Amino acid sequence: AQRVTQPEKLLSVFKGAPVELKCNYSYSGSPELFWYVQYSRQRLQLLLRHISRESIKGFTADLNKGETSFHLKKPFAQEEDSAMYYCALSAVKNAGNMLTFGGGTRLMVKP
Amino acid sequence: GAGVSQSPSNKVTEKGKDVELRCDPISGHTALYWYRQRLGQGLEFLIYFQGNSAPDKSGLPSDRFSAERTGESVSTLTIQRTQQEDSAVYLCASSLRRTSGFSTDTQYFGPGTRLTVL
């Protein structure tokens, strides 16, 4: 069975500071990893996925299979980055491709 | 275009009553998922529909939970004899298709239904 762990429930930083939201996973096969974000009073939406290797809104995440991690990083946090962030895993061979989510990290960026 | 919609947005019910939650997926999306999010926790998978295939019910927590979907349209999640531990936000998501062995299609989420069981 797969599992996703986000060790920090709350992360508070000042504007302009670097941000790293941690995500660790356990899965014996080949997973796909995602970061979803939920801004205040908005619905959950995809931020980025590891196979795309993109930088979205200045965020990047690298899949480290050796450490089974998929940490989300941004060099300079902005106030508009304040939101709930969820790391999620999809077992590619899973017939349903349903997502397994971590518990979420609330990022607060202070002015 | 229109995203995933869910109704009602809020539902307050008494313990023991049945509730029905509705999800309208994005038009053309063949895959539909239901998740539950309890307060302060991540999302838990409940059930998955893909086209006309038999649904994957592996995430349903008890036989009080059931869901239906007609073709590739609306889905309803029914909770019978509700309990206080059923209080949560119920989220629906849809995706264009299921791709086996390749990348996972992006799931688009609805706004959720907040269920409170008194």
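Criteria and cut-off values
Residues numbered from 1 in each chain as written. Chains lettered and ligands numbered in written order. Predicted model: local features only at pLDDT ≥ 70, side-chain atom pairs only at ≥ 80, totals over all residues. Heavy atoms only, no water. Helix = DSSP H or I, 4+ residues; strand = E, 2+ residues; numbered from the N terminus. Rg over C-alpha atoms; globule rule 2.2 N^0.38 Å. Buried < 20%, exposed > 50% of the residue type's maximum accessible area, 1.4 Å probe, protein only. Contact = heavy atoms within 4.5 Å. Areas by Shrake-Rupley, 256 points an atom, 1.4 Å probe, with all protein chains shown as cover. Lys, Arg positive; Asp, Glu negative; His and termini not counted. Charge placed at Lys NZ, Arg CZ, Asp CG, Glu CD. Buried area = accessible area lost by both parts, 1.4 Å probe. Salt bridge = Lys/Arg side-chain N within 4 Å of Asp/Glu carboxyl O. Polar contact = N/O pair within 3.5 Å; in protein donor to acceptor, adjacent residues only side chain to side chain. Disulfide = S-S within 2.5 Å. Phe/Tyr/Trp six-rings, centres within 6.5 Å; stacked < 30°, edge-to-face > 60°. Lys NZ or Arg CZ within 6 Å of the ring centre and 35° of its normal.

Engineer: Before we go on, may I ask you to explain the overall build of chain A in this structure?
Structural biologist: Helix and strand counts for chain A stand at 0 helices and 11 strands. Taken over C-alpha atoms, the radius of gyration comes to 14 Å for chain A, in line with the 13 Å a tight globule of 111 residues would show. Dimensions of chain A, computed from C-alpha atoms along their principal axes, come out at roughly 45 × 30 × 25 Å. The buried share of chain A, taken over its 111 residues, is 45%. The contacts of chain A with a sequence gap of at least 6 include a subset with a gap of at least 24, amounting to 58%. Carbon and sulfur atoms form 51% of the exposed surface of chain A, whose accessible area is close to 5,600 Å². Between the averaged position of the 15 positive side-chain charges in chain A and that of its 9 negative side-chain charges there is a distance of 5 Å.

Engineer: Even after reading the chapter, I still don't get the interface of chain A and chain B, so can you show me in this structure?
Structural biologist: Frequently, the measure chosen for interface size is the accessible area that the parts lose on association. Taken together, the contacts link 20 residues of chain A with 24 residues of chain B. For the pair chain A and chain B, the summed buried area comes to about 1,700 Å², and 51% of that belongs to carbon and sulfur atoms. If you sort the residues of chain A by the area they bury against chain B, R43(A), N97(A) and M98(A) come out on top, with a joint share of 30%. Here chain A and chain B share 0 salt bridges between them. Scanning the region where chain A abuts chain B turns up 7 residue pairs in polar contact (both at pLDDT 80 or more).

Engineer: For this particular structure, what's the right way to read the state of the cysteines?
Structural biologist: Disulfides are covalent bonds that connect the sulfur atoms of two cysteines. Residue and element names in this part refer to chain A. Under the criterion given, the structure shown has 2 disulfides over all chains. At a sulfur-sulfur separation of 2.0 Å, the disulfide partner of C23 is C87. The sign of the S-S torsion, about -65°, decides the handedness of the disulfide formed by C23 and C87: left-handed. A residue pair is termed long-range when its members are at least 10 positions apart, and C23 in the loop between β3 (19-21) and β4 (24-26) and C87 in strand β9 (residues 83-91) qualify at 64 residues. The residues C23 and C87 share a single accessibility class, namely buried.

Engineer: Sorry if this is basic, but what is going on with unusual backbone geometry here?
Structural biologist: A negative phi angle is the norm for most residues apart from glycine, just as the trans form is the norm for most peptide bonds. Cis geometry marks the peptide bond from S7(B) to P8(B); its omega dihedral reads -10°. Structurally, the position occupied by P8(B) is in the loop between β1 (5-7) and β2 (10-13). In this model, K57(A) sits at a positive phi of 55°, which is unusual for a non-glycine residue. Secondary-structure assignment places K57(A) in the loop between β6 (45-49) and β7 (60-61). Under the relative-accessibility criterion, K57(A) is labelled partly exposed at 48%.

Engineer: When you look at the packing of aromatic side chains in this model, what are you seeing that I'm missing?
Structural biologist: Aromatic ring pairs are defined here through the distance separating the ring centres and the angle between the ring planes. For the coordinates displayed, the defined rule picks out 11 aromatic pairs over all chains. A ring pair is formed by Y36(A) and F109(B), whose centres lie 5.5 Å apart and whose planes are at 85°; its orientation type is edge-to-face. Remark: F109(B) occurs in strand β9 (residues 108-109) and Y36(A) occurs in strand β5 (residues 31-38); the pair is interchain, linking two chains. Seen in terms of ring centroids, F101(A) and Y35(B) are 5.7 Å apart; in terms of plane orientation they differ by 90°. Their pairing is edge-to-face. Placement of the pair is F101(A) in strand β10 (residues 99-101) and Y35(B) in strand β4 (residues 31-37), with the two residues belonging to separate chains. Residue F101(A) is classed as buried on the basis of its relative accessible area of 7%. Using a relative accessible area of 0% as the deciding quantity, one classes Y35(B) as buried. What links up through ring pairs into an aromatic cluster is the set F34(A), Y36(A), Y86(A), F101(A), Y33(B), Y35(B), F45(B), Y48(B) and F109(B). Sitting over the ring of F14(A), K110(A) keeps its end group 4.4 Å from the ring centre.

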